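# Survey of secondary and tertiary structure
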Amino acid sequence: MGKLISNREALGWDGWFDEQAGLCCDLTSTAARVAAVDRGQLLLLNEMGAFRAKLSGKYMFSSNVSEEYPCVGDWVCVDKTPDDEFGLIHGVLGRKTSLRRKTAGESVEYQMIAANMDFVIIVQSCNYDFNLKRLERYLVMVTEGGASPNVLLTKTDLVTAEELDSQLAQIKDAGITAPVLTLSNVTREGHDELIRIVSPGKTYCFVGSSGVGKSTIINGLVGRDVLETKVVSGTGEGRHTTVRRELIVLENGAMVIDNPGMREFGILNAESGIETSFSDIFRLASQCRFRDCTHTNEPGCSVIKALDANEIDPEHYDNFVKLSKESEFNQRSYAEKRKKDRSFGRFIKTAKKDLYRE
Ligand SMILES: Nc1nc2c(ncn2[C@@H]2O[C@H](COP(=O)(O)OP(=O)(O)OP(=O)(O)O)[C@@H](O)[C@H]2O)c(=O)[nH]1
Ligand SMILES: [Mg+2]
Ligand SMILES: [Zn+2]
């Protein structure tokens, strides 16, 4: 993180955050960007440099869902004098964009992955990891969070030109309009194009399965091995080399966020993301007979009509139905859980009142 930061704008700050700061920071505190979150302490960056900070007790008590805690890429209000070893964080500024997923397993909670990135680079390796359904799932969540998605296919040295072409054609046929890049960290083909794309002051978040080459790409952008990388088995199973998310400022002033590989990427409340990623289906849906048509078995459904006429790809349609159902189901469970949490909160409050009245 050798790059000297001249001002907050260099870290992605703009007028939008001025407004957010007005809502949560007092005059004595300064803003800083979260570069890493470790157990109990955070690494922050601002024009004073890199420094460590902790959450104030008050902030910890007032926040009860994990989404409210600062994550990589967040802007926070922090108090720190030159004598303090740690800064003290009082608040998290509103997020301009975010990337979050449903936590693994049964629970219905969001897990923040990163915040305030301009672009999310969805990385798939073309030798074993290429999967159109998973790509669509990522695209839904990225779009939902407000950042622009890019697709990056790695390890092109391990497949034939025909295989690569077929994958590119599949992406195009699925109606995916996000820019697609291809790259090999071995032959370095495609590297210059990636370097040309990353601009100063912008933040790029790299996501994808374990072993697809995320950290290798970032090392390539930095120009030296700042991140650990490891050889993976043929299928990429069972290993996670990167264990923490980290924001790195490149020599040219662009910022990149490395992430641990993701196995599961559950979606929650992603209607507008689904609408963007499946815009062809949504266009047809506006002509369905019923406004609440689920496009599965209703009469007068123009989506099913197009499917029967072979105008939309059956797999694309199946994935649309699956993601819509998953999003709706998770959203319903989430709403129920929040309701329960709230009534539990009220119960605690009345219990406390009763206690003090005695
Ligand atoms: N053949 C080939 N190997 C690559 C390429 N890119 C990365 N690798 C290798 O793939 C392995 C995994 O790369 P990493 O960069 O650690 O993968 P990662 O996505 O960061 O993995 P996690 O940190 O576990 O999420 C390493 O041995 C890399 O050297 C590539 O373009 N071609
Ligand atoms: Mg890694
Ligand atoms: Zn319909």
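Relevant structure appears above.
Residues numbered from 1 in each chain as written. Chains lettered and ligands numbered in written order. Predicted model: local features only at pLDDT ≥ 70, side-chain atom pairs only at ≥ 80, totals over all residues.

### Here we look at the overall build of the protein chain
Stated precisely, the cut-off is as follows: Going along the chain from the N terminus, every DSSP run of H or I of four or more residues is numbered as a helix, and every run of E of two or more is numbered as a strand. Three classes are used. A residue is buried when 20 or more other C-beta atoms lie within 10 Å of its own, exposed when 12 or fewer do, and partly exposed in between, with C-beta atoms placed from the backbone. Here the contact rule is simple: place C-beta atoms from the backbone, and any two residues whose C-beta atoms are within 7 Å are in contact.
A tally of regular secondary structure across the protein chain gives 10 helices and 13 strands. For the protein chain, the proportion of its 358 residues judged to be buried stands at 35%. Within the protein chain, residue pairs in contact and separated by at least 24 positions form 67% of the contacts whose partners lie at least 6 positions apart.

### Thoughts on the nonpolar core
Condition: We call a set of buried Ala, Val, Leu, Ile, Met, Phe, Trp, Tyr and Cys residues a nonpolar core when their C-beta atoms link them within 7 Å.
Ranked by size, the top nonpolar core spans 72 residues in total, and within it Val76, Val120, Ile122, Cys205 and Phe206 carry the most contacts. In terms of residue count, the dominant contributor to this core is helix H3 (residues 132-144) (6 residues). Dropping the residues within four chain positions of it, Ile122 is found in contact with Leu135, Tyr138, Val142, Pro149, Asn150, Val151, Leu152, Val207 and Gly208.

### Things to note about helix H6 (residues 214-222)
Where we set the bar: The directions considered for the arc run from the helix axis to the C-beta atoms.
Those residues of H6 lying buried are Lys214, Ser215, Ile217 and Ile218. Across the axial projection of H6, the buried residues extend over an arc of 155 degrees, all falling on one side. In this structure, the buried residues of H6 make contact with strand E8 (119-125), strand E11 (203-208), strand E12 (246-249) and strand E13 (255-258). One or two residues past the end of H6 sits Gly223, with phi positive at roughly 95 degrees.

### Quick notes on the pairing of E13
In summary, the side chains of a regular strand alternate between the two faces of the sheet. Heads up, the condition is: Strands pair, by our definition, only if DSSP identifies at least two bridges between them.
Side chains of E13 alternate between two faces, with Met255 and Ile257 and Val256 and Asp258 buried alike. Across 3 bridges, E11 lies against E13 in parallel orientation. The residue of E13 that forms the bridge with Thr203 is Met255. In the sheet, E12 pairs with E13 via 4 bridges, with the strands oriented antiparallel. Each residue of the ladder has a partner; that of Ile248, found in E13, is Val256. The antiparallel hairpin formed by E12 and E13 contains 5 residues in its connecting segment, where Gly253 sits at a positive phi of about 95 degrees.

### Looking at the site of ligand 1
This is how it is decided: Each residue receives a C-beta atom built from its backbone; the residue is near a molecule or strand if that atom lies within 6 Å of it. Charged means Asp, Glu, Lys or Arg here, nonpolar means Ala, Val, Leu, Ile, Met, Phe, Trp, Tyr, Cys or Pro, and polar covers whatever is left, Gly included.
With respect to spatial proximity, 24 residues lie near ligand 1, and among them Gly213, Ser215, Thr229, Thr242 and Gly261 are the closest. Counting residues per element, the shell around ligand 1 draws most heavily on H6, at 3 residues. Tallied by class, the residues present in the shell around ligand 1 amount to 6 nonpolar, 13 polar and 5 charged.

### Here we look at H3
The criterion, for reference: By this rule, a helix spans an expected 1.5 Å times one less than how many residues it contains.
Counted at 1.5 Å a residue, the expected span for H3 with its 13 residues is 18 Å, and the 18 Å between its end C-alpha atoms agrees. Counting buried positions along H3 yields 10 of 13 residues, so the element is predominantly enclosed. Among the residues making up H3, those that are buried are Leu135, Glu136, Arg137, Tyr138, Leu139, Val140, Met141, Val142, Thr143 and Glu144. One or two steps after H3, the chain reaches Gly146, where phi turns positive at roughly 95 degrees.

### Considerations on the environment of Asp79
Its location among the elements puts Asp79 in strand E4 (residues 75-79). Remark: the alpha-carbon pair of Asp79 and His90, spanning 11 residues in sequence, is separated by 7.8 Å.

### A look at unusual backbone geometry
Residue Lys155 is not a glycine yet carries a positive backbone phi of 60 degrees. In this structure Lys155 comes out as buried when scored by C-beta crowding, with 22 C-beta atoms within 10 Å. One non-glycine residue, His295, lies in positive phi territory at about 60 degrees. With respect to the secondary-structure elements, His295 resides in the loop between helix H8 (279-285) and helix H9 (302-308). Judged by local crowding, His295 falls into the buried class, with 22 C-beta atoms found within 10 Å.

### Details of the pairing of E11
For E11, the tally of buried residues reaches 6 of 6 residues, placing the bulk of the element in the interior. Sheet topology note: the E8/E11 ladder contains 5 bridges and is parallel. Within the sheet, the bridge partner assigned to Val120 lies in E11 and is Cys205.

### Thoughts on the environment of Gly220
Here Gly220 shows up in helix H6. For the pair formed by Gly220 and His191, sequence separation is 29 residues and the distance between their alpha carbons is 8.2 Å. With residues up to four places along the chain from it excluded, the contact list for Gly220 reads Asn185 and His191.

### Quick notes on the environment of Gly73
Mapped onto the secondary structure, Gly73 falls in the loop between helix H2 (57-62) and E4. Remark: the alpha-carbon pair of Gly73 and Thr203, spanning 130 residues in sequence, is separated by 8.3 Å. Apart from the residues lying within four places of it in its own chain, the contact partners of Gly73 are Val34, Ala114, Ala115, Asn116, Met117, Thr203, Leu247 and Ile257.

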